[in-house]
Amino acid sequence: MQLADYFARLARYHAWATHKLIADLAVLSDDEWHRDLRLFFGSVHRTVNHLLVTDTIWYARFAENMSPRIALDAELHTGRAAVCAALGDAVARWSPWTDELDASRLDGELNYTRNNGEAVRIPFASALGHVFNHATHHRGQLTAAMTVLGHPGPSLDWVYLLQSEARANA
């Protein structure tokens, strides 16, 4: 498998797992959604907003050659439906972009500016891997939060998507 194909699969997983999580978070009451659960960003609501913020920032860096300055704890949407819809749209952008990604870019660098104004140059492929790994980290926090609140956590293992795709292609 080529590295570009690997990232295309990661992008599909990113969207699949996020959409599945959003659907499963629907069982939370408003109190549970906003309760401070001592997650890194406090509540489920703030963590979902963080996922949207970081997806917005990183997509702009990769696909648009822009470096938006948005605080990592910014609340882009106050309403649950709005933040979930925006996050669903944000993660869906990656697959078309990775499908068209010129594989030669993976050997290059990503140049961007951090929120504090610092210019950064890092390996392109490693930075792209970070995007999907970071989201997995916070989806894991949200899954744990659901179980702490007494709800079943979603099964988001990448292998479940791979198995489903293999069955569909058989």
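Structure shown above.
Q: Just give me the short version of the overall build of the chain, but keep the residues and values in it.
A: In terms of helices and strands, the chain carries seven helices and two strands. Reading the helices (α) and strands (β) of the chain from amino to carboxyl end gives α-α-α-α-α-β-β-α-α. Computed over C-alpha atoms, the radius of gyration of the chain comes to 16 Å, within 12% of the 15 Å expected from 2.2 N^0.38 for 170 residues, which places it in the range of a compact globule. Across its three principal directions, the C-alpha atoms of the chain cover 50 × 45 × 20 Å. Element-wise, carbon and sulfur atoms account for 52% of the exposed surface of the chain, whose accessible area totals about 8800 Å².

Q: Go over the packing of helix 1 (residues 3–25) against helix 7 (residues 158–169) with me, naming the residues and quoting the values.
A: The geometry of helix 1 relative to helix 7 is characterised by a closest axis approach of 10 Å and an angle of 105° between their N-to-C directions. In this view, helix 1 runs roughly perpendicular relative to helix 7, as classed from their interaxial angle. Contact residues: helix 1 offers Y6, R9, L10, R12, Y13 and W16, while helix 7 offers W158, Y160, L161 and E165.

Q: So what's going on with unusual backbone geometry? Residues and values would help.
A: You will see that R38, though not glycine, has its phi angle at about 65°, which is positive. Looking at where R38 falls in the secondary structure, it is placed in the loop between helix 2 (30–34) and helix 3 (44–63). Phi is positive for N65, close to 55°, though the residue is something other than glycine. Looking at where N65 falls in the secondary structure, it is placed in the loop between helix 3 and helix 4 (80–92). Exposure remark for N65: the relative accessible area of 65% places this residue in the exposed category.

Q: Explain the packing of aromatic side chains residue by residue, including any values.
A: Under the definition given, this model contains 14 aromatic pairs. Note on Y6 and F7: the rings are 5.7 Å apart at their centroids and 70° apart in plane angle, and the pair reads as edge-to-face. The exposure class of Y6 is partly exposed, given its relative accessible area of 33%. A relative accessible area of 4% means that F7 is categorised as buried. Chaining the aromatic ring pairs together yields one cluster made of W58, Y59, F62, W94, W97, Y112, F124 and F132. Positioned over the ring face of W58 is R61, at 4.4 Å from the centre of the ring.

Q: Tell me about the packing of helix 3 against helix 6 (residues 124–148), and please be specific about residues and values.
A: Interhelical geometry of helix 3 versus helix 6 gives an angle of 170° and a closest axis separation of 10 Å. The angle between helix 3 and helix 6 falls in the class roughly antiparallel. In contact with V44, T47, V48, H50, L51, T54, W58 and F62 of helix 3, helix 6 contributes F124, A127, L128, H130, V131, H134, A135, H138, Q141, L142 and A145.

Q: How would you summarise the side chain of T98 if you had to cite specific residues and measurements?
A: With respect to the helices and strands, T98 occurs in helix 5 (residues 94–100). Among the polar contacts listed, one links the side chain of T98 to the backbone oxygen of S95, at a separation of 3.1 Å. What T98 contacts, discounting residues up to four positions off in sequence, is F7, A8 and A11.

Q: How would you summarise the nonpolar core if you had to cite specific residues and measurements?
A: One finds L25, W33, V44, V48, L87 and L142 to be the most contacted residues of the largest nonpolar core, which totals 27 residues. Put simply, the parts of the chain that give this core at least two residues each are helix 1, helix 3, helix 4 and helix 6. In this structure V44 touches L25, L28, E32, W33, R35, L37, L39, L142 and A145, once residues within four positions along its chain are discounted. Counting residues in each nonpolar core, the second largest holds 20 residues, with F7, L101, L106 and F132 among its members.

Procedures and definitions
- Residues numbered from 1 in each chain as written.
- Predicted model: local features only at pLDDT ≥ 70, side-chain atom pairs only at ≥ 80, totals over all residues.
- Heavy atoms only, no water.
- Helix = DSSP H or I, 4+ residues; strand = E, 2+ residues; numbered from the N terminus.
- Rg over C-alpha atoms; globule rule 2.2 N^0.38 Å.
- Areas by Shrake-Rupley, 256 points an atom, 1.4 Å probe, with all protein chains shown as cover.
- Axes fitted to C-alpha atoms, helices over the stretch in contact; angles between N-to-C directions.
- Parallel < 35°, antiparallel > 145°, perpendicular 65-115°, else oblique.
- Contact = heavy atoms within 4.5 Å.
- Buried < 20%, exposed > 50% of the residue type's maximum accessible area, 1.4 Å probe, protein only.
- Phe/Tyr/Trp six-rings, centres within 6.5 Å; stacked < 30°, edge-to-face > 60°.
- Lys NZ or Arg CZ within 6 Å of the ring centre and 35° of its normal.
- Polar contact = N/O pair within 3.5 Å; in protein donor to acceptor, adjacent residues only side chain to side chain.
- Core = buried A, V, L, I, M, F, W, Y, C linked by side-chain atoms within 4.5 Å.

Geometric descriptors of this kind do not, in isolation, establish any biological role.
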